[in-house]
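# Coordinate inspection notes
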Amino acid sequence: MKIVQIQMPVPAVKEDAVALAENIIDRDVPKDADLVLLPEMFCCPYETVNFPVYAEPEGGDVWKACSEIAEKNGFWFSAGTMPERGADGRIYNTAYVFDRTGRQAAKHRKMHLFDIDIKDGQRFHESETLTAGDQITVFGTEFGKLGLCICYDFRFPELTRLMAIEGAQAILVPAAFNMSTGPMHWELMFRSQAMFNQVFAFGTAPARDPEASYQSWAHSIAVDPWGNVLSQMEETPGVIVIDIDLDDTGDVREQLPLTRHRRTDVYSLVKK
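Residues numbered from 1 in each chain as written. Predicted model: local features only at pLDDT ≥ 70, side-chain atom pairs only at ≥ 80, totals over all residues. Heavy atoms only, no water.

### What about the nonpolar core?
Inside soluble globular proteins, nonpolar side chains tend to come together where they are buried. The condition is simple: Definition of nonpolar core: a set of buried residues of the types Ala, Val, Leu, Ile, Met, Phe, Trp, Tyr and Cys, connected through side-chain atoms within 4.5 Å. Classification of residues uses two cut-offs on accessible area relative to the type maximum, computed with a 1.4 Å probe and protein chains only: under 20% is buried, over 50% is exposed, and between them is partly exposed. Strands are runs of DSSP state E lasting at least two residues, helices are runs of H or I lasting at least four, and both sets are numbered from the N terminus onward. Contacts were defined at the residue level, with two residues in contact if any of their heavy atoms lie within 4.5 Å.
Counting 43 residues, the largest nonpolar core has Phe 190 and Phe 202 as its most contacted members. Counting residues per element, the ones that place at least two in this core are β2 (35-37), β4 (91-98), β9 (145-148), α4 (157-165), β10 (170-174), α5 (181-197), β11 (200-204) and β12 (221-223). Filtering out sequence-adjacent residues up to four positions away, Phe 202 remains in contact with Ile 3, Gln 5, Leu 37, Ala 170, Ile 171, Leu 172, Val 173, Phe 190, Ile 221, Ala 222, Ile 242 and Ile 244. Ranked by size, the runner-up nonpolar core spans 26 residues in total, among them Met 8, Ile 24, Ala 65 and Ile 69.

Structure (structure tokens):
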């Protein structure tokens, strides 16, 4: 399975963001790519006040453009995230995945809203304008099952474990850690979650913009089920191409049977 991560800047105009993603795909993505990944909020500068302004309903212009990109290129397309205006009028941070025909194959609304106050560091409250989702997202491909969550979601081991229990062999995480949390926890989080749950983990981030009020740590990363870093970028725009075999998850789980050794007679993790 050939996976491509695109670490791109986020233009102020969402149509420009779509055009930029298309240009990068046409120029830098191999024609035999199986899955292409974009960053969190790839079409909306990451500020709470922007989310309602940039929000579109499912099936809106950006959604249609991403569907067409997948169909045109014949790959699976995890189109980062975008602000979604739900039928209830609420705003969500939403990730869509499209299959090779452009059909929507998965949708995940960020479950855990990023409300933090880091001493001498970042303050950010997504709940000022966003509403939390409530679904665990795992979907099938011809290669195997993939899990999907968004940035802060991946800090919660219960969610990652539930995706693994539901069969996810790799987890896609469009994300935008900042300059406070990124240096401390970005690589640590991806390696630990991949290792504990014996999955591949892919964190795809926006490139850093020194002029932005919210600066992305960037460092898009790929980790294998042993917790080894397969690739990691710096802060500038770029593309990572990596080949994986999802069957490796089964091999690792057979050698180190963490799931089988769980003491479900003593404790349990239940999806409500």
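### Observations concerning helix α1 (residues 14-28)
The condition is simple: Given a helix with a known number of residues, its expected span is that number minus one, times 1.5 Å. What the arc measures is the spread of directions leading from the helix axis to the C-beta atoms.
Between its terminal C-alpha atoms α1 stretches 21 Å, which fits the 21 Å expected from 15 residues at 1.5 Å a residue. Those residues of α1 not exposed but buried are Lys 14, Ala 17, Val 18, Ala 21, Ile 24 and Ile 25. One side of α1 holds all its buried residues, which, seen down the axis, span an arc of 125 degrees. In this structure, the buried residues of α1 make contact with β1 (2-7), α2 (50-54), α3 (61-73), β3 (76-85) and β14 (238-243).

### Some thoughts on a nonpolar patch on the surface
In plain terms, the rule: Residues with no salt bridge and a relative accessible area higher than 30% make up the patches, which join like charges within 9 Å and nonpolar side chains (Val, Leu, Ile, Met, Phe, Trp, Tyr) within 5 Å. Calculation of accessible area relied on Shrake-Rupley with a 1.4 Å probe; when residues are assessed, cover is drawn exclusively from the protein chains displayed. The term salt bridge refers to a side-chain nitrogen of Lys or Arg lying within 4 Å of a carboxyl oxygen of Asp or Glu.
Taken together, Trp 226, Leu 256 and Leu 258 make up a surface patch of nonpolar side chains, about 250 Å² in accessible area. Its place among the elements puts Trp 226 in the loop between β12 and β13 (229-232).

### Re the sheet that holds β3
Quick note on the threshold: When DSSP locates at least two bridges between a pair of strands, those strands are taken to pair. Between N-to-C directions, angles span 0 to 180 degrees; the directions come from axes that are lines fitted to C-alpha atoms, helices contributing only their stretch in contact.
Spatially, the six strands line up as an open sheet ordered β5-β4-β3-β2-β1-β14, and their pairing is mixed. The sheet is open, and its two borders are formed by β5 (104-109) and β14, each paired with just one other strand. When strand polarity is set aside, the average angle formed by the axes of neighbouring strands in this sheet is 25 degrees. Strand direction decides the pairing type here: β1 and β14, joined by six bridges, are antiparallel. Of the residues in β14, the one forming a bridge with Val 4 is Val 241.

Bear in mind that shape data such as this cannot, by itself, settle questions of function.
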